[in-house]
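Architecture and fold: a report
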2 protein chains.
Amino acid sequence: MTSQHIVSSFDRDLEALQARLMKMGDQVEKAISRALEALETRDLKLSEEVRQGDRVIDAMDEEIKAEAARVLALRAPAASDLRTVLSVMNMCSHLERCGDYAKNIAKRTTVLIDTTSIGGTEPALRRMAHMVEQMLADALEAYIQRDAAKAMEVRDRDLEVDQMYNTLFRALLTHMMEDPRNITACMHLHFIAKNIERMGDHATSIAEQTIYLVTGEMPDENRPKGDTTAYNPQGNLAT
Amino acid sequence: MTSQHIVSSFDRDLEALQARLMKMGDQVEKAISRALEALETRDLKLSEEVRQGDRVIDAMDEEIKAEAARVLALRAPAASDLRTVLSVMNMCSHLERCGDYAKNIAKRTTVLIDTTSIGGTEPALRRMAHMVEQMLADALEAYIQRDAAKAMEVRDRDLEVDQMYNTLFRALLTHMMEDPRNITACMHLHFIAKNIERMGDHATSIAEQTIYLVTGEMPDENRPKGDTTAYNPQGNLAT
């Protein structure tokens, strides 16, 4: 009976931890969505709210990590239970980074507020961000369900995000070359695109945690990588 | 005697973990230094070596985390010992990210290989990177010595890195506006500058781990933040 009781307590702790993680995920998805809405509608007030809201996300991160450390200290879980608690801490860090990126997008929006949209870039960024939000939601769902197939599918979707980033990179370069007055705005839009692309990488890392938990192995490192801008000089545009 | 024996075993485990972390730190500092040397001298072979070398850093990251998890499972440390093991995992992640940034710099170098240097940017980047390498070395040293004052001093130095980044951001914008043929190269140099600036943030996070371990509190969030480019539109240059 005692052993049964201990196991249940641990399970309850773990459920509480996971519930908090899901709540943090919701908050991060909302921050991303609102950051992009603020950018598209040039809504200074909303972007300010996103910036302030990152404190809530940071606080959640700290609470989850403190709680996970408490569970480790109190229950001293072994093997797969230990892995699960460590995976919560890990996923929590990835979510916190996504929150930082959303905040950074909101900051850049305050810079862009008086500029006009450049050739449909903002709607493209919003679509890209929406894809990443969905990846985050599905990666967390896959984790809760310990569904490795679903996690694999999330991981594969990162390729599309990378492709969208490549297209934007190229488009923004063209806008800069066409009119130097666009350069500052394009630089910020470019960083926003890169931020979204990185959030996709974090969603992928969350998915990989699930794959690791379920299968005991990290998926092959050679996942499809689609951001080719660091390899491909786009020299034909530049020289 | 038994208790004494257990304590010593844990201490030995911890020492081994910390020794590995230091070795990983060395490897990362070397990667940064070599990546910037390859950029400055347009050395394709060296940049290729940096890219390949990131596998070693990734492997070290995995080994340290696996070893830390083993220590947690085996010794079930409580309170401050637990915090120490978790801090090793945390610092290890920060080092691994720095390794990724060095790899990314090396990738961008292969793109820049046929372009000429733009107005002394590369030497400026190297100086900035050198400062970050030193921050990483000192942050790890502060950790080993549990020296919070030294860690605080590392954290303060991040302001200088941010200021160097701001200066470079401004200079690169000017180069792009002056000659659109510079745009692609400047975009990559800009990302390299941002990568170095982010490595400074990671060195700061490592320093903060030590402050937390020693004082039990995270330093005030309002640390001096010097990257103002997301706030300050530099509009006078752009419009």
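Residues numbered from 1 in each chain as written. Chains lettered and ligands numbered in written order. Predicted model: local features only at pLDDT ≥ 70, side-chain atom pairs only at ≥ 80, totals over all residues. Heavy atoms only, no water.

Here we come to the interface of chain B and chain A. Between chain B and chain A, the residue contacts involve 40 residues of the former and 40 residues of the latter. Buried area between chain B and chain A, summed over both chains or domains, comes out near 3,600 Å², and the portion from carbon and sulfur atoms is 64%. Here chain B and chain A share zero salt bridges between them. The tally of links between chain B and chain A comes to zero residue pairs in polar contact (both at pLDDT 80 or more). Of all elements in the fold, only helix H2 (44–75), helix H3 (79–112), helix H5 (148–178) and helix H6 (183–215) of chain B reach the threshold of two or more residues within the side of chain B that touches chain A. Along the lines of polarity and charge, the residues of the side of chain B that touches chain A split into 22 nonpolar, nine polar and nine charged. (Contact = heavy atoms within 4.5 Å. Buried area = accessible area lost by both parts, 1.4 Å probe. Salt bridge = Lys/Arg side-chain N within 4 Å of Asp/Glu carboxyl O. Polar contact = N/O pair within 3.5 Å; in protein donor to acceptor, adjacent residues only side chain to side chain. Helix = DSSP H or I, 4+ residues; strand = E, 2+ residues; numbered from the N terminus. Nonpolar A, V, L, I, M, F, W, Y, C, P; charged D, E, K, R; others polar.)

Core analysis: the biggest nonpolar cluster contains 139 residues, and A:Ile196 and B:Ile196 have the highest contact counts within it. Discounting residues that sit within four places of it in the chain, A:Ile196 has contacts with A:Leu36, A:Ile105, A:Leu125, A:Met128, A:Ala129, A:Val132 and A:Val161. (Core = buried A, V, L, I, M, F, W, Y, C linked by side-chain atoms within 4.5 Å. Buried < 20%, exposed > 50% of the residue type's maximum accessible area, 1.4 Å probe, protein only.)

This next bit is on the packing of aromatic side chains. Residues and elements named next belong to chain A. Taken as a whole and judged by the stated rule, the model has three aromatic pairs over all chains. Ring geometry for Tyr165 versus Phe169: centroids 6.2 Å apart, planes at 45°, classification tilted. Of this pair, Tyr165 and Phe169 both sit in helix H5 (residues 148–178), four residues apart, which is roughly one turn of the helix. Exposure remark for Tyr165: the relative accessible area of 0% places this residue in the buried category. (Phe/Tyr/Trp six-rings, centres within 6.5 Å; stacked < 30°, edge-to-face > 60°.)

Moving on to the relation of the copies chain B and chain A. With an RMSD of 0.0 Å, chain B superimposes on chain A once it is rotated by 180° and translated 0.0 Å along the axis. As the rotation angle and translation indicate, the two copies are arranged about a two-fold axis. No C-alpha of chain B lies nearer the rotation axis than that of B:Ala76, which sits 2.6 Å from it. When you check the interface residues of chain B against chain A, 100% turn up at the interface there too, and the contact is symmetric in its surfaces. (Least-squares fit on C-alpha atoms with pLDDT ≥ 70 in both.)

Residue and element names in this part refer to chain A. Across all of its chains, the model carries 30 salt bridges over all chains by this definition. For Arg70, the salt bridge goes to Asp13, with nearest N and O atoms at 4.0 Å. One end of the pair, Arg70, is in helix H2 (residues 44–75); the other, Asp13, is in helix H1 (residues 2–41), with 57 residues separating them in the sequence. Look at Arg70 and you get partly exposed, because its relative accessible area is 38%. Between Glu49 and Lys45 there is a salt bridge, with its nearest N and O atoms 3.2 Å apart.

What follows is about the packing of helix H4 (residues 121–144) of chain B against H6(B). Residues and elements named next belong to chain B. Packing of H4 against H6 leaves a shortest axis separation of 9 Å and a crossing angle of 15°. By the angle between their axes, H4 is roughly parallel relative to H6. Where H4 crosses over H6, the handedness of that crossing is left-handed. Its residues assigned to classes, the contact of H4 with H6 comprises 19 nonpolar, four polar and two charged. (Axes fitted to C-alpha atoms, helices over the stretch in contact; angles between N-to-C directions. Parallel < 35°, antiparallel > 145°, perpendicular 65-115°, else oblique. Left-handed = near helix turned anticlockwise from the far one by under 90°.)

For helix H4 (residues 121–144) of chain A, spanning 24 residues, the distance from its first C-alpha to its last is 35 Å, which sits close to the expected 34 Å at 1.5 Å a residue. A:Arg146 lies just past H4(A) and shows a positive phi near 50°. (Expected span 1.5 Å × (residues − 1).)

All names here are of chain A. Looking at the secondary structure, you find Thr41 in helix H1. In this structure Thr41 comes out as partly exposed when scored by relative accessible area, which is 48%. As for Thr41 and Glu122, which are separated by 81 residues in sequence, their C-alpha atoms are 9.1 Å apart. Separated by 2.8 Å, the side chain of Thr41 and the backbone oxygen of Glu37 make a polar contact.

What follows deals with the packing of helix H6 (residues 183–215) of chain A against H6(B). In helix packing, the relevant descriptors are the interaxial angle and the interaxial distance, both defined with respect to the helix axes. Closest axis-to-axis distance for the H6(A)/H6(B) pair is 12 Å, and the angle between their directions is 55°. Taken together, the axes of H6(A) and H6(B) are oblique relative to one another. Read as a crossing pair, H6(A) and H6(B) show a hand that is right-handed. When H6(A) is examined against H6(B), the residues A:Ile183, A:Met187, A:His190, A:Phe191, A:Lys194, A:Asn195 and A:Arg198 are found in contact with a partner set consisting of B:Ile183, B:Met187, B:His190, B:Phe191, B:Lys194, B:Asn195 and B:Arg198. Among the residues forming the contact of H6(A) with H6(B), the class breakdown is six nonpolar, four polar and four charged.

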